[in-house]
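Residue-level structural notes
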Protein chains: 2
Amino acid sequence: MLIQTRRSGSDRSGYAGERGAEAVSGGEKKLNERKKLILKAIVEAYIANGEPVGSKYLTTNKQIACSSATIRNEMAELEEMGYLEQPHTSAGRIPSEAGYRFYVDQLIDRYNLTQSEIDELKTALRQKRSELDAIMQTAAALAAKLTNYTALSVKPRQARITVNRFEIMRLDETTAVLIMLIGGTVKTKYIRSGRPIPPDAAMLLAGALNAKLTGLTADEITMPILMETERIMGEYDFLVSPVVKAVCETISVFDGGELRFEGINKLLSFPDYYDMDRLREMLALFEKKETLLEVLSDETRKDDQVQVFIGRENVVKVMDNSTLVFKTVSQNGRPVGAIGIIGPTRMDYRRVIATIDSLTRSVTDALGSPRDDG
Amino acid sequence: MLIQTRRSGSDRSGYAGERGAEAVSGGEKKLNERKKLILKAIVEAYIANGEPVGSKYLTTNKQIACSSATIRNEMAELEEMGYLEQPHTSAGRIPSEAGYRFYVDQLIDRYNLTQSEIDELKTALRQKRSELDAIMQTAAALAAKLTNYTALSVKPRQARITVNRFEIMRLDETTAVLIMLIGGTVKTKYIRSGRPIPPDAAMLLAGALNAKLTGLTADEITMPILMETERIMGEYDFLVSPVVKAVCETISVFDGGELRFEGINKLLSFPDYYDMDRLREMLALFEKKETLLEVLSDETRKDDQVQVFIGRENVVKVMDNSTLVFKTVSQNGRPVGAIGIIGPTRMDYRRVIATIDSLTRSVTDALGSPRDDG
DNA sequence: GTTAGCACTCAGGAAGCGAAAGTGCTAATC
DNA sequence: GATTAGCACTTTCGCTTCCTGAGTGCTAAC
């Protein structure tokens, strides 16, 4: 079962500071201000340095005005509550998954990208205006570059895929290309016929397809429709069956969704992935795609806020110790994909969340509404 | 400077057995039969086990009928000649790059895939008949699966990219999709105009583009051609400039070639890549693409035989300790891409070469000649 | 409730040691 | 002259041992 970040207000990013944390609903334990301060400091120090943080180190933090002994007591309690862990007795503490979760939900500060980063983002995206595939890939590349983690972009599995419009391009006597507009993307498919395809047959076919098959899913293309289309085609009815087959193939395959990665090598920057087995499993996951697509597609539509899945919250077993952060991208108010980051649980959440948030917002802007605008 | 495998005959695969090895031309040193046997045994043992091989171990090889002391003497000479290396005094020997090269050029046995492997290959490819992009990707995935190394597929940088045919698909009042047939692939580009694009303008535009721009490279599209096209378009001349810009963008970008990888996680199966730095550099190389494309594209056309670049023979510095094996794929006798394997120098050359050879052959068959066949 | 002090624990590095593997060389043998 | 047996030598690798430093938990004092 996936646990989603809970939020109180309708704050734009959903990531407020400490305000309202006291009033949080439900099963979460209350933490006094000092505990929060300590937890926050531990998470941030651990994110920054990757080493367990000890009580002495925390005394250097100006905001925490008490001795190491006191901090030790608080830490012991935080550990008891499940927010901290100890790799071994004589090491400092590191955040548990629950600790990260609490941090992400309630302690994190709002972080803003610098103006130059935002500019980079906008100009990079402007160039590819509204080519959905290209724009998503560019966005993922940007996300990888800005965050230094591996980024992913996904076009979700769509329940109902239909072709908006057909076109036929004749190449020569017996060959033609079938062009299909599906949502914001164009798919093509070769058609080879044993018999000649005269120009008027191509025109007729395009017309027939547009008349009969637009707006239909693969399931809805039934025998009567086929026969009706063949009737329209008259003497060229032999073209209908192979072409419709090609159409069905396309809209079925397309259904699978597409998942791309950028910056895979960034994984290796983190000691968290120095374990070869973990790394291999991660890369295998990247190539299998189905599992990850499931996570992304199932959840994609729920929310237009940044989603954070920490460690074992992920259905995918492999992803212990890894966090997935993503947000959907919309066009005309409908989600058409998502962009995200995958990296170690010990991740710079502030930065990653801010980046993904801005990025998806910019992409959504850049995509605009390709049909409606003047 | 790249060194290519030299071959003597016109043997189909270019990988003969020992025959004729004695008669090899030029600067290569002659090896007596026993040395060859020993070198071959060492290379194969090292490929199989990944550990330096010692003289004692080689006595278990039936073909080498002499004592360990004799073998030691021969090994010492082979080392002097540059075919073997010693990691440290008390270890066995491993092949040097020159050793691998000699092995690949002259000692390797012909290896054939099993019938079931060939069948898998054919059926997998048949399904995607002649969709160039899809077929190349499938082929790379197959190569990765069959060899257990990382595979790559590439559509080479083409010096002269031209559009064979244009088509315009009108979406609504102000939006259209420009469809370009380039070689065997179809590229699309959105066109948005501030002003309405009536249906007859779309038709007229397609006609004008086909008349004026087909067969031209980006460089060859000059001002006079633009003006002539605008003249043809009459009152719709405002469409010409943005559309031609889109065309140029496409054929320039396309020029870059495309490079895809399959089975990146396979890299991790080999202790050769347990060094994190090497691994990271390798992954970075995979993402940068340009460097690798250069190697592949430059050499791609030279030869229709399997090409093997061992270690430092590769221009790319990162690829010490790595070997690149690839072969071009042709359509209508013209190279349209290449499929290859990248992996540790200690690679199963027999198997990899055989696989790439069969695979590219099958792909070439599957691609057929899309314009000429009945 | 907070702090100082102290005993305790544990990871990680350095040093030392012996076993195993494989070589190079010499002298004997075919 | 080519081959082999034998032996001393070198080097890695795994193992144990020891030591240090960091950080804790607990107790007693403030």
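A brief report on the enclosed structure follows.

1. Focus: the packing of helix H4 (residues 97-107) of chain A against helix H12 (residues 349-367) of chain A
All names here are of chain A. Direction vectors running N to C along H4 and H12 enclose 50°, while the axes themselves pass 11 Å from each other. In terms of orientation, H4 and H12 fall into the oblique class. Classified by chirality, the crossing of H12 by H4 is right-handed. Seen from H4, the contacting residues are Tyr100, Tyr103 and Val104; seen from H12, they are Tyr349, Arg350 and Ile353. Looking at side-chain class alone, the contact of H4 with H12 contains 5 nonpolar, no polar and 1 charged residues.

2. Let's talk about the protein's contact with DNA strand D
The local shell around DNA strand D holds 20 residues, among which Ser55 of chain A together with Ser67, Thr70, Thr89 and Ser90 of chain B are the closest. For DNA strand D, the backbone makes up 78% of the atoms found within 4 Å of the protein, where backbone means sugar plus phosphate. Taking Arg34 of chain B, its side chain carries an N or O atom lying 3.0 Å from a phosphate oxygen of DNA strand D. Side-chain polar atom of Thr70 of chain B to a phosphate oxygen of DNA strand D: 2.5 Å apart, as the coordinates give it. Elements represented by at least two residues in the surface near DNA strand D include exactly helix H3 (68-81) of chain A together with helix H3 (68-80) of chain B. No other element matches H3 of chain B, which puts 4 residues into the surface near DNA strand D. Residue classes in the surface near DNA strand D are distributed as 4 nonpolar, 12 polar and 4 charged.

3. Notes on the sheet that holds strand E3 (residues 150-155) of chain A
Residues and elements named next belong to chain A. The 5 strands are arranged E7-E3-E10-E9-E8 in an open sheet whose pairing can be described as antiparallel. The strands lining the two open edges of the sheet, one partner per strand, are strand E7 (258-262) and strand E8 (307-310). The sheet shows a mean angle of 20° between the axes of neighbouring strands, taken without regard to direction. Note: E8 against strand E9 (residues 322-331), 4 bridges, orientation antiparallel. When the bridges of E9 are listed, Gln307 appears paired with Phe326. With respect to the sheet, helix H6 (residues 132-147) is in contact with E3, E7, E9 and strand E10 (334-344), its orientation differing from that of E3 by roughly 160°. This element, H12, spans E8, E9 and E10 of the sheet and lies at about 20° to E9.

4. Regarding the protein's contact with DNA strand C
The local shell around DNA strand C holds 20 residues, among which Ser67, Thr70 and Thr89 of chain A together with Ser55 and Arg93 of chain B are the closest. The share of sugar and phosphate among atoms of DNA strand C within 4 Å of the protein is 76%. Ser90 of chain B places a polar main-chain atom, nitrogen or oxygen, 3.1 Å from a sugar or linking oxygen of DNA strand C. Between DNA strand C and the protein, one listed contact pairs a phosphate oxygen with a side-chain N or O atom of Arg93 of chain B at 2.9 Å. Of all the elements in the fold, those that place two or more residues in the surface near DNA strand C are H3 of chain A together with H3 of chain B. It is H3 of chain A that provides the largest number of residues to the surface near DNA strand C, a total of 4 residues. Looking at side-chain class alone, the surface near DNA strand C contains 4 nonpolar, 12 polar and 4 charged residues.

Criteria and cut-off values
- Residues numbered from 1 in each chain as written.
- Chains lettered and ligands numbered in written order.
- Predicted model: local features only at pLDDT ≥ 70, side-chain atom pairs only at ≥ 80, totals over all residues.
- Heavy atoms only, no water.
- Axes fitted to C-alpha atoms, helices over the stretch in contact; angles between N-to-C directions.
- Helix = DSSP H or I, 4+ residues; strand = E, 2+ residues; numbered from the N terminus.
- Parallel < 35°, antiparallel > 145°, perpendicular 65-115°, else oblique.
- Left-handed = near helix turned anticlockwise from the far one by under 90°.
- Contact = heavy atoms within 4.5 Å.
- Nonpolar A, V, L, I, M, F, W, Y, C, P; charged D, E, K, R; others polar.
- Near = heavy atom within 4 Å.
- Polar contact = N/O pair within 3.5 Å; in protein donor to acceptor, adjacent residues only side chain to side chain.
- Pairing = 2+ DSSP bridges.

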